[in-house]
Amino acid sequence: MGAHVALVARRRDRIEALAEQLEADGGRALVIEADVTDRAQAEDAVRRTVDELGRLDVLVNNAGVMLLGPVEDAPVEEWDRMVQVNVLGLLYCAKAALPHLLSAAESSERGVADLVNISSVAGRVARAGSGVYNATKHAVGAFSEALRQEVTQRHVRVGLVEPGAVATELSGHNRPEVQEGIKQRFADMERMEAEDIADAIGWMVTRPHRVAVNEILVRPTEQPG
Ligand SMILES: NC(=O)c1ccc[n+]([C@@H]2O[C@H](COP(=O)([O-])OP(=O)(O)OC[C@H]3O[C@@H](n4cnc5c(N)ncnc54)[C@H](OP(=O)(O)O)[C@@H]3O)[C@@H](O)[C@H]2O)c1
């Protein structure tokens, strides 16, 4: 795609390593250490991106946590974390980015700008043991659709990506007994890789300006539900 990218996360070493890879491949990557649940840090991440890279054409709201288990036994702090990252962090970044995306859509050669929110199959299908994660991802879907209606005629495309199981760190933040259940559920299944989701996002944001891909639901071939 040839885009310059700003990488935002809390663990600087991880995004620095990724930036090195991107730059070794001839890209330009800006490292921004920030916690998106802190509104000032989310706003500052957007401001620094625009200051240092000159503009903002695409925002991918990817940060998320998935802490599963039955409601009855759940530590409520886990719910706080999910709501803070999956919902509030995403809202703070979207709000801060929106004026820049609107102006990029107006002034860029592409004639559009893109806001991509990463939801989940859990944003479409609720399951026992996943209630609050389901609630946060359904919130992402509802917000994305409402915002899409508000800005699509000004050429900001709001896209929702809903992955099934991807081999990442995500399930590793769960309590051991919950991790065991997740491991069993996906034991016989070839999960997707992060690159598969990156492909979907890359395709979404490179459509011609007349095409807005509003939603991509993408599961491992072997995942039935
Ligand atoms: N893996 C799956 O099976 C799956 C399926 C459906 C949807 N998803 C969604 O995909 C997205 C990415 O998840 P993943 O699977 O790649 O999980 P992951 O490996 O745990 O990565 C999560 C990413 O979010 C960042 N992050 C977390 N909290 C943050 C915060 N407060 N501020 C800034 N960055 C933060 C993490 O970096 P730091 O920890 O360094 O901040 C990390 O880069 C999430 O929204 C998740 O819900 C994943």
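Here we summarise the structure given alongside this text. Predicted, not measured: the structure shown is a model, and the values here were computed from it. (Residues numbered from 1 in each chain as written. Predicted model: local features only at pLDDT ≥ 70, side-chain atom pairs only at ≥ 80, totals over all residues. Heavy atoms only, no water.)

**Overview of the environment of Asp 73**
We count it as follows: Secondary structure elements follow DSSP: runs of H or I of four or more residues count as helices, runs of E of two or more count as strands, with numbering from the N terminus. Only protein chains enter the accessibility calculation, which uses a 1.4 Å probe; a residue is then buried when its area is under 20% of its type maximum, exposed when over 50%, and partly exposed in between.
Note that Asp 73 resides in the loop between strand E3 (58-61) and helix H3 (76-107). For Asp 73, a relative accessible area of 53% corresponds to the exposed category. For the pair formed by Asp 73 and Ala 139, sequence separation is 66 residues and the distance between their alpha carbons is 23 Å.

**Observations regarding the pairing of E3**
This is how it is decided: Pairing between strands is defined by DSSP: at least two bridges between them are needed. For a crossover, the right-handed case is the one in which the path from the first strand over the helix to the second runs clockwise, viewed with the strands pointing away from the viewer.
Because side chains alternate across E3, one face comprises the buried residues Leu 59 and Asn 61, and the other comprises Val 58 and Val 60, none of which is buried. Inspection of the sheet shows E3 paired to strand E4 (residues 113-118) by 4 bridges, in the parallel sense. Counted as the bridge partner of Leu 59 is Leu 115 from E4. One crossover worth recording links E3 to the parallel E4 by way of H3, and it is right-handed.

**Notes on empty space enclosed by the protein**
As a reminder, the rule being used: Think of a 1 Å grid over the protein atoms and nothing else: a 1.4 Å probe that fits but is trapped marks a cavity, an open set flanked by protein within 12 Å on at least five of seven lines marks a pocket, and residues with an atom within 4 Å of a point count as lining. Grid points are joined across faces, edges and corners, and a volume is the space filled by probe spheres set on the points. Under the scheme applied here, ten amino acids are nonpolar (Ala, Val, Leu, Ile, Met, Phe, Trp, Tyr, Cys and Pro), four are charged (Asp, Glu, Lys and Arg), and all others, including Gly, are polar.
Taken as a whole, this structure holds 2 cavities of 30 Å³ or more when the rule is applied. The space that makes up the largest cavity amounts to roughly 70 Å³. In terms of lining residues, the largest cavity is bounded by 14 residues, among which Leu 67, Leu 68, Gly 69, Trp 79 and Met 82 are the most central. In terms of residue class, the lining of the largest cavity is made up of 8 nonpolar, 4 polar and 2 charged.

**Quick word on the packing of helix H2 (residues 39-53) against H3**
When two helices pack together, their arrangement is given by the angle between their axes and by how far apart the axes lie. Counted only if it meets this: As a rule, the C-alpha atoms of each element are fitted with a line to give its axis, helices using only the stretch in contact, and angles between N-to-C directions run from 0 to 180 degrees. Angle categories are assigned with fixed cut-offs, so that under 35 degrees is roughly parallel, over 145 is roughly antiparallel, 65 to 115 is roughly perpendicular, and the rest are oblique. Should the near helix be turned counterclockwise from the far one by less than a right angle, the crossing is left-handed, whereas a clockwise turn marks it as right-handed. Whether two residues are in contact is decided by their heavy atoms, any of which lying within 4.5 Å being enough.
Contact pair H2 / H3: the axes reach a minimum separation of 8 Å and the direction vectors enclose 30°. Relative to H3, the element H2 is oriented roughly parallel. Crossing of H2 against H3: the hand is right-handed. For the pair formed by H2 and H3, the contact residues are Arg 39, Ala 42, Glu 43, Val 46 and Val 50 on the first element and Tyr 92, Cys 93, Ala 96, Ala 97 and His 100 on the second.

**Here we look at the site of the ligand**
The condition that has to hold: Residue proximity to a molecule or strand is established when one non-hydrogen atom of the residue lies within 4 Å of it. N or O atoms closer than or at 3.5 Å make up a polar contact, with two conditions inside protein: a donor-capable atom paired with an acceptor-capable one, and, for residues adjacent in sequence, both atoms drawn from side chains. Here the open area of atoms and residues is found with the Shrake-Rupley method and a 1.4 Å probe, where only the protein chains shown may cover a residue.
Residues in close proximity to the ligand total 24 residues, the closest being Arg 10, Asp 35, Tyr 133, Val 166 and Thr 168. Between a nitrogen atom of the ligand and a side-chain N or O atom of Asp 35, the distance comes to 2.8 Å. A distance of 2.7 Å separates an oxygen atom of the ligand from a polar atom in the side chain of Tyr 133. Across the complex, the protein chains shield 87% of the 880 Å² of accessible surface that the ligand would expose by itself. Each residue belonging to the shell around the ligand can be placed in one class, and the counts come to 11 nonpolar, 8 polar and 5 charged.

**Digging into the packing of H3 against helix H4 (residues 131-151)**
Following both chains from N to C, one finds H3 and H4 inclined at 15°, their axes separated by 9 Å at the closest point. Taken together, H3 and H4 sit at an angle that is classed as roughly parallel. Crossing of H3 against H4: the hand is right-handed. Note on element contacts: H4 touches H3 through Val 132, Tyr 133, Thr 136, Lys 137, Ala 139, Val 140, Phe 143, Leu 147 and Val 151, opposite Trp 79, Met 82, Val 83, Asn 86, Val 87, Leu 90, Leu 91, Ala 94, Leu 98 and Leu 102. In terms of residue class, the contact of H3 with H4 is built from 16 nonpolar, 2 polar and 1 charged.

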